[in-house]
Amino acid sequence: MPAGTLYRGREGMWSWVAHRVTGVLIFFFLFVHVLDTALVRVSPEAYDDVVATYKTPIVALLEYGLVAAILFHALNGLRIIAVDFWSKGPRYQKQMLWTVLGIWIVMMAMALYPVLGHAVREVFGS
């Protein structure tokens, strides 16, 4: 195969892109989390206001997105470790990616109610 064509539009390339994007999203969440937690030392009232905004349905959707990013990043990271350190890893990388996606979908379905249940009750009533 010519140099530079290994991941051209295939599953491996999209897995690589998704891994980088989810990593950046998780980094920014952690950055904001550190800032909002530090706010309690500056102004407890402002901290309470920020925490109150976290209880809105829109933030619940963002939390679900965070769960999606963390789960994919973690599962895909395990796949990358297997590809790198298992002698047969490169041969089975595509099958492992589809397995990761299947596990990710099941886990996201399982996280639906715990993460979004409060938001749904708030929007549509108990």
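Shown above is the structure to which this text applies.
The following refers to the structure shown.

## A word on the nonpolar core
Membership of the largest hydrophobic core is limited to nine residues, which are Ala60, Tyr64, Ala68, Leu71, Met108, Ala111, Val115, Leu116 and Ala119. Not counting residues within four places of it along the chain, the set of residues in contact with methionine 108 comprises Tyr64, Val67, Ala68 and Leu71.

## Here we look at the packing of aromatic side chains
To describe a pair of aromatic rings, you give the distance between the ring centres and the angle between the ring planes. Within this structure, the stated rule accounts for three aromatic pairs. Seen from their ring centres, phenylalanine 72 and tryptophan 104 are 6.5 Å apart, and the 85° between their planes marks the pair as edge-to-face. Placement of the pair is phenylalanine 72 in helix H3 (residues 57-85) and tryptophan 104 in helix H4 (residues 93-124), with a sequence separation of 32 residues. Overall, phenylalanine 72 belongs to the buried group, its relative accessible area being 7%. For the pair tryptophan 86 and tyrosine 92, a centre-to-centre distance of 5.7 Å together with 20° between the ring planes defines the contact as stacked. Classification of tyrosine 92 as partly exposed rests on a relative accessible area of 32%.

## Here we look at the side chain of arginine 79
Mapped onto the fold, arginine 79 is located in helix H3. The buried charged residue arginine 79 lacks any salt bridge, with aspartate 84 as its nearest oppositely charged partner at 8.6 Å. Each residue touching arginine 79, except ones within four places of it in the same chain, is listed here: Ser15, Gln93, Met96, Leu97 and Val100.

## A closer look at the packing of H3 against H4
Here H3 crosses H4 at 160°, and the two axes come no closer than 9 Å. The angle between H3 and H4 falls in the class roughly antiparallel. Crossing of H3 over H4 shows right-handed handedness. Counted by class, the contact of H3 with H4 contains 26 nonpolar, two polar and three charged residues.

## Digging into the layout of surface pockets
As a volume, the largest pocket reaches approximately 420 Å³. Phe29, Val59, Leu62, Glu63 and Leu66 are the residues nearest the centre of the largest pocket, which is lined by 16 residues in total. Among the secondary structure elements, those contributing two or more residues to the lining of the largest pocket are helix H1 (11-42), helix H2 (44-53) and H3. The leading source of residues in the lining of the largest pocket is H1, at seven residues. Tallied by class, the residues present in the lining of the largest pocket amount to 11 nonpolar, three polar and two charged.

The rules behind each value
- Residues numbered from 1 in each chain as written.
- Predicted model: local features only at pLDDT ≥ 70, side-chain atom pairs only at ≥ 80, totals over all residues.
- Heavy atoms only, no water.
- Core = buried A, V, L, I, M, F, W, Y, C linked by side-chain atoms within 4.5 Å.
- Buried < 20%, exposed > 50% of the residue type's maximum accessible area, 1.4 Å probe, protein only.
- Contact = heavy atoms within 4.5 Å.
- Phe/Tyr/Trp six-rings, centres within 6.5 Å; stacked < 30°, edge-to-face > 60°.
- Helix = DSSP H or I, 4+ residues; strand = E, 2+ residues; numbered from the N terminus.
- Lys, Arg positive; Asp, Glu negative; His and termini not counted.
- Salt bridge = Lys/Arg side-chain N within 4 Å of Asp/Glu carboxyl O.
- Axes fitted to C-alpha atoms, helices over the stretch in contact; angles between N-to-C directions.
- Parallel < 35°, antiparallel > 145°, perpendicular 65-115°, else oblique.
- Left-handed = near helix turned anticlockwise from the far one by under 90°.
- Nonpolar A, V, L, I, M, F, W, Y, C, P; charged D, E, K, R; others polar.
- 1 Å grid on protein atoms, 1.4 Å probe; cavity = no way out; pocket = protein on both sides within 12 Å on 5 of 7 lines; lining within 4 Å.
- Points joined across faces, edges and corners; volume = space filled by probe spheres on them.

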